[in-house]
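# Commentary on secondary and tertiary structure
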Amino acid sequence: DGLLITMAGIAAIVLLTGVNLAGATESTVIELVAVWGKLIILLGLAMLGIWHWAPEKLMLEHGHAIGWGEALVGTGVVFMAYEGFQLLSYDYDEMKDAPRTIAVAMPLAIGVTTAVYILVALGAGMLAGADDIVKQEEVALAVAGREALGDFGFYAVSLAAVFSAASAINATVFATARLAEHAARDEELPGIFA
């Protein structure tokens, strides 16, 4: 099972690296499909959960410790979720009117992402319940999808996870390639990286 996961991860990186080597247009198409695909699925899940309004499901049962340690872990998770926004700066030289684009796009992207995270957390919690979300942390959203739409919901949210992973890998490969290219042109890396 671990070998299959490792091989799938390697295959995804190799595939997306190949797409990036083919050109920026192909990489952009992959990114658009992945981002919009996961966004549609996750917002659909969130709206279904909110439609079934059940705020009592958002409360943990007695016995779950909640304190500073859990808050710090939550802070770390949120930090990691937003860490990818720094990749935008690697494409600074290729943007039209980069100062304005970053000044508008970055806060807008962070705001939209925050709203989506809040909606998904509320919707998934109302579908699956806070206790199940905590117990099934790695597959919590898929469990909420199953609660909403049965097996179809489970597979749809699993597809959103695949889109999310592909998007993260693609963005990282694209931005890192741009950074390596600039560093090679500045003779800070061997010329082959350009």
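For the structure itself, consult the block above.
So, a few notes on the structure that sits alongside this text.

What counts and what doesn't
Residues numbered from 1 in each chain as written. Predicted model: local features only at pLDDT ≥ 70, side-chain atom pairs only at ≥ 80, totals over all residues. Heavy atoms only, no water. Helix = DSSP H or I, 4+ residues; strand = E, 2+ residues; numbered from the N terminus. Buried < 20%, exposed > 50% of the residue type's maximum accessible area, 1.4 Å probe, protein only. Contact = heavy atoms within 4.5 Å. Areas by Shrake-Rupley, 256 points an atom, 1.4 Å probe, with all protein chains shown as cover. Core = buried A, V, L, I, M, F, W, Y, C linked by side-chain atoms within 4.5 Å. Salt bridge = Lys/Arg side-chain N within 4 Å of Asp/Glu carboxyl O. Phe/Tyr/Trp six-rings, centres within 6.5 Å; stacked < 30°, edge-to-face > 60°. Lys NZ or Arg CZ within 6 Å of the ring centre and 35° of its normal. Patch = residues over 30% accessible without salt bridge, like charges linked within 9 Å, V, L, I, M, F, W, Y side chains within 5 Å.

### Side note on the overall build of the protein
Counting its secondary structure elements, the protein contains six helices and zero strands. What you see in the protein, going N to C, is helices and strands ordered as α-α-α-α-α-α. Counting only C-alpha atoms and orienting by the principal axes, one finds that the protein spans roughly 60 × 40 × 30 Å. A total of 194 residues make up the protein; the buried ones form 27% of that total. The long-range fraction of contacts in the protein, counting pairs at least 24 apart against all pairs at least 6 apart in sequence, stands at 67%. Per element, the accessible surface of the protein, about 12,700 Å² overall, is 71% carbon and sulfur.

### Observations regarding the nonpolar core
Grouped together as the largest cluster of nonpolar side chains are 16 residues, with contacts concentrated most on Ile41, Leu45, Val120, Ala144 and Val157. Secondary structure elements with two or more residues in this core: helix H2 (24–51), helix H4 (98–128) and helix H6 (140–185). Val120 has contacts with Leu42, Ala46, Gly125 and Leu141, leaving out every residue within four places of it along the chain.

### Here's the deal with the pattern of salt bridges
Scanning the model with the defined rule gives two salt bridges in all. Residues Arg146 and Asp151 are paired through a salt bridge, measuring 3.6 Å at the closest nitrogen-oxygen approach. With relative accessibility at 48%, the residue Asp151 sits in the partly exposed group.

### Some words on the packing of aromatic side chains
For the structure shown, the criterion picks out one aromatic pair. For the pair Phe154 and Tyr155, a centre-to-centre distance of 5.5 Å together with 85° between the ring planes defines the contact as edge-to-face. It is Arg146 that lies over the ring of Phe154; its NZ or CZ is 4.1 Å from the centre.

### Describing the environment of Asn20
Its place among the elements puts Asn20 in helix H1 (residues 2–22). Residues Asn20 and Ala171, spaced 151 residues apart in sequence, show a C-alpha to C-alpha distance of 9.6 Å. With residues near it in sequence (within four places) discarded, Asn20 still touches Ser27, Asn170, Val173 and Phe174.

### Re the side chain of Thr113
With respect to the secondary-structure elements, Thr113 resides in helix H4. For Thr113, a relative accessible area of 19% puts it in the buried group. Sequence-distant contacts of Thr113, defined by excluding residues within four places in its chain, comprise Tyr82 and Phe85.

### Thoughts on the side chain of Ser167
Of note, Ser167 is situated in helix H6. Setting aside anything within four residues of it in sequence, one finds Ser167 in contact with Glu31, Ala34, Val35 and Lys38.

### Some words on a nonpolar patch on the surface
The grouping of Leu3, Met7, Ile10 and Val14 at the surface amounts to a nonpolar patch, some 410 Å² of accessible area in total. Counting through the fold element by element, Val14 comes out in helix H1.

### Digging into unusual backbone geometry
For Asp97, which is not glycine, the phi torsion reads 50° and is therefore positive. As for its position among the elements, Asp97 is in the loop between helix H3 (68–82) and H4. A residue is classified by how much of its surface remains accessible, and Asp97, at 48% relative accessible area, is partly exposed. The phi angle at Glu187 is positive, at roughly 60°, despite the residue not being glycine. In this fold, Glu187 is placed in the segment after H6.

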